[in-house]
Amino acid sequence: MTSRVVVEADGGSRGNPGPAAYGAVLKDAASDRVIAEDARTIGVASNNVAEYSGLVAGLRLAVEHAPGAEVEVRMDSKLVVEQMSGRWKIKHPDMRVLAAEAGEVAPPGTTYTWIPRARNAHADRLANEALDGVREGVVVAAADPALPADAPGEEAPDEESLIEEIESPGATRGEQPRDQAGHRGWSGPTAPPTTLVLVRHGVTRHTAAKRFSGGLGGDDPALSEEGLAQARDTADWLTGLGERVDAVVSSPVRRTRETAEVVAARLERTVEVEPGFAEMEFGEWDGLTFAEVAERDKAGLDAWLGSMDVAPPGGESFGTVRERVLAGLDRVLAEHAGRTVVVVSHVTPIKTLVAHALGAPLESVYRMELSPASVTVLSFYADPAADGAARGSMRLYNALPPGERATVEPGRW
């Protein structure tokens, strides 16, 4: 009898949510011999649900084909590994159900190990074969000794729900939504989306004092010690993205570059600078509080608040910032098409990108709050019906690492 076995499992969704499948393989731990495989489609689901489904299937293989064996589960999903190990909370209801099922199936003493995606190629290949319609169901080695050896399969074009612990909003097993043009899901028929993981910088002395703090034309303060700690917390949270991150892009402003350096170090990437994502220039108001500006220049403040096209003295209007930000977005989408990019920026550019993705008026920036070092996720899909223009979708807004600051920062800036 096999005394120790390894379960490798994976899952993916083409659309997130979209057509989904899982792959699971049971191996003898000592010889790496394949004992059994399972690959199945599960209808429409999110990446995370597919991964949990693969875990349950792999554990069932272990119970059935290696009863009494010690089980180690290996997955490239940091979310599943951390949640099943009891270190992360399970928030999404679909995953709570699957995690409970996995806990009931798992033999006592089952352990969970995170592995890089490249080392999970066997399970990944099985999931893709199920999605491609060439595999469905369990194959046992005793019944088919010619089971294929591990081979690097085609990676699923699944944009893993952003961070793993950042769970996919609307991830269900039900019918895929349609947009106003009748497209099923959010993606086009061919190209995968370009996903932006938007990170606001950590706090500075101006943030703490609620002072206007603009781009390179202002005081350009550094992160405070608290801001550096916030950047480290968020960087740790993003680690699960791993190899899926194509680049870390930063505004040229000091506080964003410092935040980006912390994030890039954790993701083993270098920092690219995109000037379009710099904060609004506040001109003569830079370094002042809202109350101080109201006292010194009430007419100017009222005019600025009343129109997206009015700028502070020596600064930029919201309309000008939008043009600059969207030009930066176009450059990033062209350079990193179909990939995941971490973008470290500021309140105004991030809100502007959210409004653009949702097709909301620019005035909606006044109705958004954004915490320091928070994470917002937008995906952009090439739309052939719009001459290649990108359609946007918001997957997450103003999220903070588990256990961190649960409230938004009061005030606009």
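Residues numbered from 1 in each chain as written. Predicted model: local features only at pLDDT ≥ 70, side-chain atom pairs only at ≥ 80, totals over all residues. Heavy atoms only, no water.

A short note on the overall build of the protein chain
Then comes step 1: The secondary structure content of the protein chain amounts to 11 helices and 12 strands.
Then comes step 2: By the burial criterion, 56% of the 413 residues in the protein chain qualify as buried.
Then comes step 3: A sequence separation of at least 24 residues applies to 75% of the contacts in the protein chain between residues at least 6 apart.
Then comes step 4: Accessible surface, the protein chain: about 17,000 Å² in total, of which carbon and sulfur atoms supply 52%. (Helix = DSSP H or I, 4+ residues; strand = E, 2+ residues; numbered from the N terminus. Buried < 20%, exposed > 50% of the residue type's maximum accessible area, 1.4 Å probe, protein only. Contact = heavy atoms within 4.5 Å. Areas by Shrake-Rupley, 256 points an atom, 1.4 Å probe, with all protein chains shown as cover.)

Details of the packing of helix H1 (residues 47–65) against helix H3 (residues 93–105)
Then comes step 1: Interaxial distance between H1 and H3 falls to 9 Å at its minimum, and their mutual angle equals 10°. On the basis of the axis angle, H1 is roughly parallel to H3. Considering how the two elements wind past one another, H1 and H3 form a crossing that is left-handed. Seen from H1, the contacting residues are Asn48, Val49, Tyr52, Ser53, Leu55, Val56, Leu59, Arg60 and Val63; seen from H3, they are Asp94, Met95, Leu98, Ala99, Glu101, Ala102 and Val105.
Then comes step 2: Across the contact of H1 with H3, the residue classes break down as 11 nonpolar, 2 polar and 3 charged. (Axes fitted to C-alpha atoms, helices over the stretch in contact; angles between N-to-C directions. Parallel < 35°, antiparallel > 145°, perpendicular 65-115°, else oblique. Left-handed = near helix turned anticlockwise from the far one by under 90°. Nonpolar A, V, L, I, M, F, W, Y, C, P; charged D, E, K, R; others polar.)

Describing the sheet that holds strand S11 (residues 375–382)
Then comes step 1: As summarised here, the arrangement of the 6 strands in space is S9-S8-S10-S7-S11-S12, forming an open sheet in which the pairing is mixed. Unpaired on one side and paired on the other, strand S9 (271–273) and strand S12 (390–399) mark the two borders of the sheet. With strand direction ignored, the average angle separating the axes of adjacent strands in the sheet is 25°.
Then comes step 2: Against the sheet, helix H11 (residues 347–358) engages strand S7 (194–200), strand S10 (340–345), S11 and S12, with an angle of about 40° to S11. (Pairing = 2+ DSSP bridges.)

With respect to H3
Then comes step 1: The end-to-end C-alpha distance of H3, which contains 13 residues, comes to 19 Å, matching closely the 18 Å that a straight helix rising 1.5 Å per residue would cover.
Then comes step 2: Those residues of H3 lying buried are Met95, Leu98, Ala99, Ala102 and Val105. Summarising the axial view, the buried residues of H3 lie within an arc of 125°, below the 170-degree limit, and thus occupy one face. Seen from the open side of H3, the exposed residues pointing more than 90 degrees away from its buried face are Val97 and Glu104.
Then comes step 3: Buried residues along H3 sit in contact with H1 and helix H2 (78–84). (Expected span 1.5 Å × (residues − 1). Arc of directions from axis to C-beta.)

Some details on the pairing of strand S1 (residues 4–13)
Then comes step 1: Where burial is concerned, most of S1 is hidden: 9 out of the 10 residues are buried.
Then comes step 2: Where S1 meets strand S2 (residues 18–28), 9 bridges bridge the pair, whose relative direction is antiparallel. Of the residues in S2, the one forming a bridge with Val7 is Leu26.
Then comes step 3: Where S1 folds back on S2, the antiparallel hairpin that results is connected by 4 residues, among which Gly15 adopts a positive phi of roughly 140°.

Describing the confidence of the model for the protein chain
Then comes step 1: Confidence along the protein chain averages 83 in pLDDT terms, with 83% of residues attaining 70 or more.
Then comes step 2: Confidence drops under pLDDT 50 across residues 143–190; counting only partners more than four residues distant or on other chains, this segment forms 139 contacts.
Then comes step 3: Scored below 50 in pLDDT, residues 405–413 makes 32 contacts in the model with residues more than four places away or belonging to other chains. (pLDDT = per-residue confidence, 0-100.)

Description of the packing of aromatic side chains
Then comes step 1: For the coordinates displayed, the defined rule picks out 8 aromatic pairs.
Then comes step 2: Where Trp285 meets Trp304, the ring centres are 5.5 Å apart and the plane angle is 85°; that geometry is what we call edge-to-face. Within this pair, whereas Trp285 is found in the loop between S9 and helix H8 (290–296), its partner Trp304 is found in helix H9 (residues 298–306), the two being separated by 19 residues in sequence. One exposure class covers both Trp285 and Trp304, and it is buried. (Phe/Tyr/Trp six-rings, centres within 6.5 Å; stacked < 30°, edge-to-face > 60°.)

Let's talk about helix H6 (residues 225–238)
Then comes step 1: With 14 residues, H6 extends 20 Å from end C-alpha to end C-alpha; this agrees with the ideal 20 Å at 1.5 Å per step.
Then comes step 2: Regarding H6, the residues found buried are Gly227, Gln230, Ala231, Thr234, Ala235, Trp237 and Leu238. One face of H6 carries all of its buried residues, which in axial projection span an arc of 155°.

Thoughts on unusual backbone geometry
Then comes step 1: Not every positive phi belongs to a glycine, and Lys210 is a case in point at roughly 55°.
Then comes step 2: Residue classification places Lys210 among the partly exposed positions, given a relative accessible area of 40%.
Then comes step 3: The backbone of Asp220 sits at a positive phi, close to 55°, despite the residue not being glycine.
Then comes step 4: Position of Asp220 among the secondary structure elements: in the loop between helix H5 (205–208) and H6.
Then comes step 5: Residue class for Asp220 comes out buried when judged on its relative accessible area of 18%.

Digging into the packing of helix H10 (residues 318–335) against H11
Then comes step 1: At a minimum axis distance of 10 Å, the contact between H10 and H11 shows a crossing angle of 75°. One finds that H10 runs roughly perpendicular with respect to H11. Residues Phe318, Val321, Arg322, Val325, Leu326 and Leu329 of H10 form the contact with H11, whose participating residues are Thr348, Pro349, Thr352, Leu353 and His356.
Then comes step 2: In the contact of H10 with H11, the residues fall into 7 nonpolar, 3 polar and 1 charged.

Focus: the sheet that holds strand S3 (residues 34–45)
Then comes step 1: In space, the 6 strands of this open sheet follow the order S5-S4-S1-S2-S3-S6, with mixed pairing throughout. Edge positions in the open sheet fall to strand S5 (111–114) and strand S6 (137–140), since each of these has one partner strand only. This sheet shows a mean twist of 20° between the axes of neighbouring strands, independent of strand direction.
Then comes step 2: Pairing analysis gives 4 bridges linking strand S4 (residues 70–75) to S5, with the strands arranged parallel. Of the residues in S5, the one forming a bridge with Met75 is Trp114.
Then comes step 3: H1 rests against S1, S2, S3, S4, S5 and S6 of the sheet, and its axis sits at about 155° to S1.
Then comes step 4: Taken strand by strand, helix H4 (residues 121–131) contacts S1, S2 and S3, and its axis lies near 140° from that of S2.

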